[in-house]
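Report on the structure
Next come the chains, spelled out residue by residue.
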Number of protein chains: 2
Amino acid sequence: MSSRPTMHDVARLAGVSIKTVSRVVNQEPRVDPDTRSRVQEAIDELGFRRNEQARSLRPGQSTALIGLVTGDLSNPFYSSIARGIEEVAHEHGHLLLTASSEEQPGRERQVIGAFLQHNVAGLVVVPTPQAHLQLTPEALRGIPVVAVDRPIGPTGTFDSVVLNNRVGAHAAVTHLLRDGHTRVAMIDGDPAVYTGRERTAGYLEALAEAGLASDPALILQGYHGDRQAEAAMHLLLDMATRPTAVFVTNNRIALGALKALHARRRSLALASFDDFELAGILPTPMTLVSYDAVEMGRQAARRLFGRIERRGGAPADIIIPVKLHLPEETN
Amino acid sequence: MSSRPTMHDVARLAGVSIKTVSRVVNQEPRVDPDTRSRVQEAIDELGFRRNEQARSLRPGQSTALIGLVTGDLSNPFYSSIARGIEEVAHEHGHLLLTASSEEQPGRERQVIGAFLQHNVAGLVVVPTPQAHLQLTPEALRGIPVVAVDRPIGPTGTFDSVVLNNRVGAHAAVTHLLRDGHTRVAMIDGDPAVYTGRERTAGYLEALAEAGLASDPALILQGYHGDRQAEAAMHLLLDMATRPTAVFVTNNRIALGALKALHARRRSLALASFDDFELAGILPTPMTLVSYDAVEMGRQAARRLFGRIERRGGAPADIIIPVKLHLPEETN
DNA sequence: ATGAAAGCGCTAACAC
DNA sequence: GTGTTAGCGCTTTCAT
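Computed from a predicted structure; not experimentally measured.

Turning next to the side chain of A:His325. Residue and element names in this part refer to chain A. By secondary structure assignment, the location of histidine 325 is in strand S12 (residues 323–325). Histidine 325 gets classed as buried once you look at its relative accessible area, which sits at 15%. For histidine 325, the side chain forms a polar contact with the side chain of serine 290, separated by 2.8 Å.

Have a look at this one:
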């Protein structure tokens with residue numbers, strides 16, 4: 001339980017000054033090879049590790065820490081992003097702090113504050129709609145921020161990495177229409193969420209392009225989570241003239257929809273955003289819009305380190321491509 | 001881009017000494033209410049935040065940081081654990097650092113080293129088999145460690161939080177046997193992994209208890225990942241006298257098994273560790289051993305903070321209960 | 001109730 | 001090539 005060794009301890013053991021130890025530790029060039037190896041021996045013998053806390057106290061020395069705020073780390077989408085960020089952070093010798101906002105602006109404010117107190121070198125945020133309120137220039141003081149999955153507040157102030165939501169939804173719905181479906185319903189969650197809005201827009205665009213009027217009765221919004229989505233699907237199945245195909249805006253909703261179909265022993269053409277490992281095995285044919293969430297994290301982190309290293313340029317919106325999987329391929 | 005305000009700045013603005021500011025920030029009692037509010041105003045005006053880095057430089061002051069090492073954060077099992085830890089860490093005013101070992105001892109050593117350099121107050125580790133080599137008392141210097149999912153090295157040296165693997169496997173297999181199955185096969189991944197070993201043991205115990213000899217031909221080991229598991233299931237289906245039921249030790253293997261069954265349009269009784277959201281919808285009836293991974297993380301974190309706060313006692317093995325889901329319930 | 005001064009472990013100037 | 005010194009922002013004696 002002895003306290004950890006300092007450069008001072010190493011210096012004493014090696015019979016040199018603390019500065020020489022610092023030089024060796026930081027791989028500075030102008031050190032005599034003999035001295036260097038003597039110091040290195042002392043370091044090994046004591047098991048010395050530089051105290052990062054102390055190092056980064058000096059002005060200009062960043063903390064080698066970056067922070068990530070997501071809605072809920074246990075969500076595989078977010079944890080995949082975290083994984084990608086972690087990977088790039090590691091390449092840059094940085095460690096990753098994670099915290100969940102639970103999609104609540106209050107929590108978000110709190111965790112961003114905590115990150116700033118720990119002097120993170122940068123922040124990746126899956127922002128709540130109020131995120132721009134906490135991420136003011138005064139609070140940030142030059143600490144770079146990259147938004148993931150959703151942009152932050154007014155466009156053009158922060159870098160962002162988002163999916164090609166509109167195009168993905170458009171492609172999925174267009175596929176259904178090409179298959180001959182004319183009554184294509186849609187189920188979305190909270191209409192306040194950026195991704196849902198974009199995907200809804202893609203759905204509408206596809207209908208319009210095909211010369212179909214969108215039927216308000218077939219557009220169900222505000223059904224978040226699988227339970228509510230299940231109810232929504234039941235509503236659709238209860239209709240006098242049922243839709244023959246349904247586009248749902250995420251995998252939680254898809255799950256609920258599948259449950260409802262299963263309960264009623266029915267099937268129809270289903271299209272969804274987000275991949276489904278078991279899709280190929282299900283009795284319901286699914287058209288899926290998939291993407292690489294880990295890569296999303298990597299891109300965000302790369303952008304962040306670009307900013308941390310003071311590579312400038314205007315804030316950019318990085319678009320992650322999506323891929324359409326047709327049911328014929330998966331089954 | 002002005003540099004962040006320090007206690008010094010606050011002190012000057014409030015017309016007091018830096019120590020008084022420190023007292024206010026730390027909520028120490030003996031401060032004049034007037035002075036306190038004057039200081040508070042200055043803090044608010046400047047947007048002052050205490051620098052955690054500097055605070056924790058003083059000896060005895062911990063970093064308010066804990067570290068988590070998992071195999072791969074993008075794995076939902078691990079990220080659920082991370083979520084539970086995060087939750088408890090937040091309650092204790094700590095932040096969570098995460099890193100992935102990729103199940104490689106070298107990476108594990110590296111990230112643990114990095115965490116120690118950042119003066120984490122404690123560590124939660126999903127250990128590789130070699131973890132005990134990095135987690136020596138000399139390297140740790142009193143920093144507490146809790147193992148999750150698998151114990152670390154020789155038992156009795158570290159606290160651990162693990163699932164009731166044996167009992168879960170036993171219960172699942174016993175259920176199959178009670179249903180009248182006599183040829184129950186098993187597919188496992190890497191036999192070096194603790195959880196797989198325990199689950200295999202539970203399988204064997206259940207057979208023995210039922211008075212059945214275990215048939216080596218029905219025990220397939222070393223099939224990690226869904227691809228290899230798929231092949232394993234094909235092997236079973238190719239047998240002259242096929243098993244009528246199969247127990248698989250995790251959900252990756254279950255996925256492969258399901259794919260094989262689907263490809264050959266066959267069905268048999270399948271039992272698996274780990275839950276499956278879509279289990280109720282699949283054509284194959286599944287017996288599932290489920291558990292609360294988030295709670296696992298919470299328990300580990302609680303234990304860790306017990307140690308950080310110097311509450312002693314011998315290292316304990318905390319067992320997380322599992323639950324059996326029969327196919328009748330889910331379908 | 002408040003303040004002055006020392007020092008945590010490290011790095012950056014600036015000697016020598 | 002190596003050492004001395006100052007100081008990062010904070011907390012902690014110890015005075016007052």
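There's more to say after this.
This part covers the side chain of A:Thr287. Residue and element names in this part refer to chain A. Of note, threonine 287 is situated in strand S10 (residues 286–290). Residue classification places threonine 287 among the buried positions, given a relative accessible area of 2%. If near-sequence neighbours (up to four positions away) are discounted, threonine 287 is found in contact with Ala172, His175, Leu176, Leu270, Ala271, Ser272, Leu324, His325, Leu326 and Pro327.

A separate point is the environment of A:Asp238. All names here are of chain A. Mapping aspartate 238 onto the fold places it in helix H11 (residues 225–238). Along the primary structure aspartate 238 and serine 160 are separated by 78 residues, whereas in three dimensions their C-alpha atoms are 41 Å apart. Side-chain polar atoms of aspartate 238 contact the side chain of arginine 264, separated by 2.8 Å.

Among the residues of helix H2 (residues 18–25) of chain B, those classed as buried are B:Thr20, B:Val21, B:Ser22 and B:Val24. Phi turns positive one or two residues past the end of H2(B), at B:Gln27, with a value near 55°.

Turning our attention to the domain arrangement of chain A. Residues and elements named next belong to chain A. According to the domain assignment, chain A contains domain 1 (7–48), domain 2 (65–161 + 293–318) and domain 3 (165–291 + 325–330). Placing the centre of domain 2 and that of domain 3 at their C-alpha centroids yields a distance of 30 Å. Counting from both sides, the interface comprises five residues of domain 2 and, opposite them, four residues of domain 3. Interface area, domain 2 with domain 3, both sides summed: about 420 Å², of which 68% is carbon and sulfur. Counting across the interface, domain 2 meets domain 3 through zero salt bridges. The tally of links from domain 2 across to domain 3 stands at zero residue pairs in polar contact (both at pLDDT 80 or more). Counted by class, the side of domain 2 that touches domain 3 contains three nonpolar, no polar and two charged residues.

Criteria and cut-off values
- Residues numbered from 1 in each chain as written.
- Chains lettered and ligands numbered in written order.
- Predicted model: local features only at pLDDT ≥ 70, side-chain atom pairs only at ≥ 80, totals over all residues.
- Heavy atoms only, no water.
- Helix = DSSP H or I, 4+ residues; strand = E, 2+ residues; numbered from the N terminus.
- Buried < 20%, exposed > 50% of the residue type's maximum accessible area, 1.4 Å probe, protein only.
- Polar contact = N/O pair within 3.5 Å; in protein donor to acceptor, adjacent residues only side chain to side chain.
- Contact = heavy atoms within 4.5 Å.
- Domains from an automatic or database assignment.
- Buried area = accessible area lost by both parts, 1.4 Å probe.
- Salt bridge = Lys/Arg side-chain N within 4 Å of Asp/Glu carboxyl O.
- Nonpolar A, V, L, I, M, F, W, Y, C, P; charged D, E, K, R; others polar.

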